[in-house]
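What the coordinates show
Residues per chain are reported as follows:
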Amino acid sequence: MEIRLLHGAAIAPYIDDLARLRLAVMREFPYLYDGSPDSDVDYLASHVRSGRSLVVLAVDDGQVVGASTALPLMDGAPEFLQLFRAQGRDPASVYLFGESFVLPQYRGQGLGVRFFIERESYAHTLAAFDYCVFCAVERPGVHPRRPAGYKPLQGFWRNRGFLHEPSLRTTCAWRDLGEQVTSEKIMSFWMKALMV
């Protein structure tokens with residue numbers, strides 16, 4: 001297994017691989033995302049444009065089998081900037097962790113932990129941020145598509161030092177599997193102070 005750290009324009013050659021991986025993994029619960037390659041390529045392009053972005057790739061025998069993304073909140077979605085400003089928080093002080101995707105057969109081998117370590121280490125290296133944050137979809141405890149034996153990730157996130165910030169909530173719209181139209185989903189943020 002090879003881990004590659006990519007920034008800005010160096011991400012561009014991997015956009016199609018990232019979009020395919022994102023589409024495959026995000027179909028699973030809790031996201032149930034029924035997206036398209038074009039919309040995912042557009043979404044991931046923000047990481048190419050940002051000079052301080054990071055994509056951590058896990059590559060096995062030439063195939064991208066896992067990935068994790070991050071960039072300054074200022075380079076991310078405008079609705080996230082508005083949310084932080086409305087809460088009296090400086091978005092320029094925040095480094096945003098995006099999603100992590102790992103193909104099922106590569107899970108349980110430490111990639112999730114490695115992704116968090118690499119993103120936090122890079123945010124420290126930049127020496128421009130006070131916090132790392134990420135957001136996660138909130139689904140009801142009883143959901144018709146929740147698989148038997150599903151294990152929520154909140155404990156994993158707490159073990160990485162992140163705390164849930166219930167005041168930081170927004171919505172994002174996408175089409176769930178089986179839906180004909182997009183619908184709003186509640187997203188809440190988890191935050192960790194970067195120690196100097």
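Please refer to the structure higher up on the page.
Criteria and thresholds
- Residues numbered from 1 in each chain as written.
- Predicted model: local features only at pLDDT ≥ 70, side-chain atom pairs only at ≥ 80, totals over all residues.
- Heavy atoms only, no water.
- Helix = DSSP H or I, 4+ residues; strand = E, 2+ residues; numbered from the N terminus.
- Buried < 20%, exposed > 50% of the residue type's maximum accessible area, 1.4 Å probe, protein only.
- Polar contact = N/O pair within 3.5 Å; in protein donor to acceptor, adjacent residues only side chain to side chain.
- Contact = heavy atoms within 4.5 Å.
- Salt bridge = Lys/Arg side-chain N within 4 Å of Asp/Glu carboxyl O.
- Pairing = 2+ DSSP bridges.
- Axes fitted to C-alpha atoms, helices over the stretch in contact; angles between N-to-C directions.

1. Things to note about the side chain of Ser50
- Along the chain, Ser50 falls in the loop between helix 2 (37–49) and strand 2 (54–60).
- Judged by relative accessible area, which is 2%, Ser50 ranks as buried.
- Here the side chain of Ser50 touches Arg52 through a polar contact of 3.3 Å, landing on its backbone nitrogen.
- Of note is the side chain of Ser50, whose polar atom sits 2.5 Å from the side chain of Asp75.
- In this view, Ser50 contacts Gly8, Leu71, Pro72 and Asp75; residues no more than four positions away in its chain are not counted.

2. Examining the pattern of salt bridges
- Inspection of every chain in the model, using the stated rule, returns 13 salt bridges.
- Between Asp34 and Arg175 there is a salt bridge, with its nearest N and O atoms 3.3 Å apart. Of the two residues, Asp34 sits in the loop between helix 1 (15–26) and helix 2 while Arg175 sits in the loop between strand 6 (163–174) and strand 7 (183–193), which places them 141 residues apart along the sequence.
- As a salt-bridge pair, Glu179 and Lys185 come within 3.7 Å of each other at their nearest N and O atoms.
- Given the relative accessible area of 26%, Glu179 is considered partly exposed.
- Bridged by salt links that share partners, the residues Arg139, Asp176, Glu179 and Lys185 form one connected network.

3. A look at the sheet that holds strand 7
- Judged by pairing direction, the sheet is mixed, and its seven strands sit side by side in the order 1-2-3-4-5-7-6 without closing on themselves. Edge positions in the sheet fall to strand 1 (2–6) and strand 6, since each of these pairs with one other strand and no more. Direction aside, neighbouring strands of the sheet carry axes that sit 25° apart on average.
- In this structure, strand 2 lies alongside strand 3 (residues 63–72), joined through seven bridges in antiparallel fashion. The residue of strand 3 that forms the bridge with Leu57 is Ala67.
- Together, strand 2, strand 3 and strand 4 (94–102) form the strand contacts of helix 1, whose direction differs from that of strand 4 by roughly 75°.
- Contacts between helix 4 (residues 111–126) and the sheet are confined to strand 1, strand 2, strand 3, strand 4, strand 5 (131–137) and strand 7, with strand 4 contributing the most and set at about 155° to the helix.

Treat this as a map of the structure, not an account of what it does.
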